[in-house]
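Descriptive analysis of the structure
Each chain, written out:
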Amino acid sequence: MSQKLNSAFQVLIVLMLILSIFSGTATAAAGLKITLVDQTPYPAQPGEQIRFWIQAENIGDGTLNNVTVQVVSDGVFSASTSESTKTYDNIYAGSKVYHEYIMYVASDAPDGPRDLTVRYRANNTSNWIEQKFTVNIGGIVDTDNRGTLIIENVTSSPEVFMPGDEGIIWVTLKNNATNQTVSTSNSSTFMMNARVQSADMYSKDNIIVTSEAVNDLGIIAPGDNISIPFRVSIPEDTVDGTYLLTLNVTGSSYEYNIKRNVEIKVDSSGIKAIQSKAASSSTAGKTIEIDIVNYHQGTVRGVSIVPVAEGMSFYPTEYFIGEMKADDLYTAKFNITQGAGDSNVEFKAVYYNGDNYHEDSITLDIGPVVKQSSGIMTYLIYLIIILAIAAVVGHFYLKKKKGISLIDWLKIQKEAASEKWKSRKEAKKDKKSDSKNE
């Protein structure tokens, strides 16, 4: 019985050790994604130096601590410890980090694809996770197609980014060859198609390229082109300036690869409202004119200006402009039709940069606004003014023609009207009395 217990205990210990190994492995690997984003040169050449750019991305929900990424030396690739290992104190959730590793290719390395081993661990675990990447050594990958790839055009939407924006960078590749075939001096004939084996874009700055590398894009005939989209995201804390992304295109062979910097701009400036002149008042209300200026370096669309103030009503309620290029200026006019309020009015500018919604606002002092009179009150004021003018004119006319003042004339007219009224009343009374006697 004791022997059976000892055997069971030993089995349990072995199981616990196996579980601890797998547990450590899972901890080290949890949320970490390793990608070989670039190598120079391509293909690698025997006896020469090669540089690898390796991306470590935290795709989990929590922070990874004490992350170590290492390229492993073997019979083909070799590097010193200082050049082959990189340790990161923290990699936060959703973030990417990059490091350039320098290695050497053995002088007797055979041509063809070889495995590069990259291992990594995190959160102070002792267990390494290995991942292999294919690296081509020597020779020409595709000897049948010798067309020349060029970057014909690079565009982005939006054309100038703002912090927090997302957008697309379009890269257009063209086969610059003009003939379908080319013959060499030894009578060999080659097709002038251009092969695109892969295309990738990455950033060593704060800019995030969210698109993965695209592979096997196929053949581009002479004179034809192909456009490749790459999605990018600009973090909210990005500082204004010009940023360089790296475009890496693998062509027919080492001689036909492309590696170029792609420039994008980030500018936090937006739409501003400037009071062009003082607000004017009239019987119809108060009028305010403001200049709308696009301070952003790129074109924005769907621009609309909305005035907002407590206790005031505006006409129009919204001034639509539409597209505004850099430094464009429009003048918007608003009438305050009714209401009473203080002198501050907020003007909101809403617009789109690419497909990204933005809203800017500025508060301007337009002076106090007084509640307007109703239409009846306006007519009464006019009537009083007319009567006053008539009274003055009548006074001077009577004074000159009859030698009496307007007040004396009004008294005489009052007494005459009173006597006339009294006479009519007496006559009506006598008529009623006679009718009764009959």
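This is a predicted model, so every value here is computed, not measured.

Thresholds, definitions, all that
Residues numbered from 1 in each chain as written. Predicted model: local features only at pLDDT ≥ 70, side-chain atom pairs only at ≥ 80, totals over all residues. Heavy atoms only, no water. Salt bridge = Lys/Arg side-chain N within 4 Å of Asp/Glu carboxyl O. Helix = DSSP H or I, 4+ residues; strand = E, 2+ residues; numbered from the N terminus. Buried < 20%, exposed > 50% of the residue type's maximum accessible area, 1.4 Å probe, protein only. Core = buried A, V, L, I, M, F, W, Y, C linked by side-chain atoms within 4.5 Å. Contact = heavy atoms within 4.5 Å. pLDDT = per-residue confidence, 0-100. Pairing = 2+ DSSP bridges. Polar contact = N/O pair within 3.5 Å; in protein donor to acceptor, adjacent residues only side chain to side chain.

Re the pattern of salt bridges
Going through the model one piece at a time under the given rule, you end up with five salt bridges. Here glutamate 152 ties to lysine 174 by a salt bridge, and the two come within 3.9 Å at their closest N and O atoms. Separated by 22 residues along the polypeptide, glutamate 152 in strand β9 (residues 149-157) and lysine 174 in strand β10 (residues 166-175) bring together distant segments of the chain. A relative accessible area of 39% means that glutamate 152 is categorised as partly exposed. Glutamate 289 is paired through a salt bridge with lysine 333; the nearest N and O atoms lie 3.6 Å apart. Pair noted here: glutamate 289 is in strand β21 (residues 285-294) and lysine 333 is in strand β25 (residues 329-339), with a separation of 44 residues, a long-range link. Take glutamate 289: its relative accessible area is 17%, and that puts it in the buried class.

Some details on the nonpolar core
Counting residues in hydrophobic clusters, the biggest one holds 29 residues, and the most contacted among them are Ile34, Val69 and Phe77. Contacts of valine 69, omitting those with residues within four sequence positions, involve Ile34, Ile54, Ala56, Ser84, Thr85, Lys86, Tyr88, Tyr101, Val118, Arg119 and Tyr120. Grouped together as the second largest cluster of nonpolar side chains are 24 residues, Leu149, Ile169, Val196 and Phe230 included.

Quick look at unusual backbone geometry
A cis amide bond links serine 157 with the next residue in sequence, proline 158, at an omega value of 0°. As for its placement among the helices and strands, proline 158 is situated in the loop between β9 and β10. Following tyrosine 315, the chain continues into proline 316 via a peptide bond in cis, with omega recorded as -5°. Unlike most non-glycine residues, asparagine 66 shows phi in positive territory, near 50°.

A closer look at the confidence of the model for the protein chain
The predicted coordinates should not be examined in detail at positions where pLDDT is low. For the protein chain, per-residue confidence averages 80 on the pLDDT scale, and residues scoring 70 or more make up 77% of the total. Confidence, read as mean pLDDT per element, is least for helix α1 (residues 2-29) in the protein chain (49) and greatest for strand β24 (residues 319-324) (95). Here residues 17-29 is modelled with pLDDT under 50, and outside its nearest four sequence neighbours on either side it reaches 14 contacts, counting other chains as well. For the stretch residues 370-374, pLDDT sits under 50, and the model shows ten contacts to residues farther than four places along the chain or on other chains.

What about the pairing of strand β2 (residues 49-58)?
Burial within β2 is extensive, with eight of its ten residues counted as buried. Of the strand pairs in this sheet, β2 and strand β6 (residues 96-105) are connected by nine bridges, and their pairing is antiparallel. Bridge pairing links glutamine 49 to tyrosine 104 in β6.

Details of the side chain of histidine 296
Within the element layout of this structure, histidine 296 appears in the loop between β21 and β22 (300-308). According to the relative accessible area criterion, histidine 296 is buried, its value standing at 1%. There is a polar contact of 3.1 Å between the side chain of histidine 296 and the backbone oxygen of valine 160. Separated by 3.3 Å, the side chain of histidine 296 and the backbone oxygen of aspartate 267 make a polar contact. With near-sequence residues (within four places) excluded, histidine 296 lies in contact with Val160, Phe161, Met162, Asp267, Ser269, Gly270, Ala326, Asp327 and Asn353.

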